[in-house]
Amino acid sequence: MATISNRELFEKAKRLSKAKQLSWEAKSGEVGSALLSGKGLIYTGVNLNGACGLQFCGEVAAILSMLKNGETKIRKIVAVSNDYKYMPPCGRCRELMFEIDRKNLNTEIILSEKKTVKLKELLPYRWQDLWE
Ligand SMILES: [Zn+2]
């Protein structure tokens, strides 16, 4: 299986990071995201910001793209703003990665060119621990 570097994932996300006004209410592409799945495939997504509380992160779009292909395991993931900065996942995206597959606690979150952390470092006290 070919190895995908963090830089390659960053570049794929960066290419999607072009803000586009879709209507007066909705804008997309302020954040692009790319992930490497358990099967070694790359999935990408862009964010969507609209009115009435409509907001979806780029990571969510990449994850949903992966889910439609029947995969749940994420090896690594990156998000890039449209000024080409690395973005750590928000709390909701951290939770989403955990909830779709517990193995994703070992997902590498790419935070910069030189720094990655595992999801479990970003989610140290999970609410589910009370019931599991
Ligand atoms: Zn998010």
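Quantities reported herein were computed from a predicted structural model and do not represent experimental measurements. (Residues numbered from 1 in each chain as written. Predicted model: local features only at pLDDT ≥ 70, side-chain atom pairs only at ≥ 80, totals over all residues. Heavy atoms only, no water.)

1. Let's talk about the environment of Arg94
Mapped onto the elements of the fold, Arg94 is located in helix H3 (residues 91–100). As a C-alpha pair, Arg94 and Lys27 span 67 residues in sequence and 23 Å in three-dimensional space. Not counting residues up to four positions away in its chain, the partners in contact with Arg94 are Pro88, Pro89, Leu119, Leu122 and Leu123. (Helix = DSSP H or I, 4+ residues; strand = E, 2+ residues; numbered from the N terminus. Contact = heavy atoms within 4.5 Å.)

2. Description of the coordination of the zinc ion
Listed as protein donors to the zinc ion are Cys57 (SG), Cys90 (SG) and Cys93 (SG); their distances from the metal cover 2.2 to 2.3 Å. Between consecutive donors of the zinc ion, the numbers of intervening residues give the motif C-x32-C-x2-C. (Donors = N, O, S within 2.8 Å, 3.2 Å for Na, K, Ca; no water.)

3. What to know about the packing of aromatic side chains
This model, assessed by the stated rule, comprises 2 aromatic pairs. Ring plane angle 75 degrees and centroid distance 5.9 Å describe the contact between Trp127 and Trp131, whose orientation is recorded as edge-to-face. For Trp131, a relative accessible area of 64% puts it in the exposed group. Against the face of Tyr84 rests Lys14, its NZ or CZ located 4.7 Å from the ring centre. (Phe/Tyr/Trp six-rings, centres within 6.5 Å; stacked < 30°, edge-to-face > 60°. Buried < 20%, exposed > 50% of the residue type's maximum accessible area, 1.4 Å probe, protein only. Lys NZ or Arg CZ within 6 Å of the ring centre and 35° of its normal.)

4. With respect to the pattern of salt bridges
For the coordinates displayed, the defined rule picks out 4 salt bridges. Between Arg7 and Glu113 there is a salt bridge, and its shortest N-O distance comes to 3.0 Å. Of the two residues, Arg7 sits in helix H1 (residues 6–16) while Glu113 sits in the loop between strand E6 (108–110) and strand E7 (116–118), which places them 106 residues apart along the sequence. A salt bridge links Lys85 to Asp83; the nearest nitrogen and oxygen atoms lie 3.3 Å apart. The exposed category is assigned to Lys85, whose relative accessible area is 52%. Residue classification places Asp83 among the partly exposed residues on the basis of a relative accessible area of 46%. Taken together, the salt bridges that share partners define one network made up of Arg7, Glu11 and Glu113. (Salt bridge = Lys/Arg side-chain N within 4 Å of Asp/Glu carboxyl O.)

5. Focus: the nonpolar core
Within soluble globular proteins, side chains that are nonpolar generally end up buried alongside one another. Counting 14 residues, the largest nonpolar core has Leu35, Ile74 and Met97 as its most contacted members. Mapped onto this core, the elements with two or more residues apiece are helix H2 (58–67), strand E5 (74–81) and H3. With 3 residues, H2 is the largest single contributor of residues to this core. If near-sequence neighbours (up to four positions away) are discounted, Ile74 is found in contact with Leu35, Leu36, Ser37, Ile63, Met66, Met97, Ile100, Asn104 and Thr107. Core analysis: the next-biggest nonpolar cluster, separate from the first, contains 10 residues, Leu9, Ala13, Ala34 and Val78 among them. (Core = buried A, V, L, I, M, F, W, Y, C linked by side-chain atoms within 4.5 Å.)

Keep in mind these values describe shape, not function.
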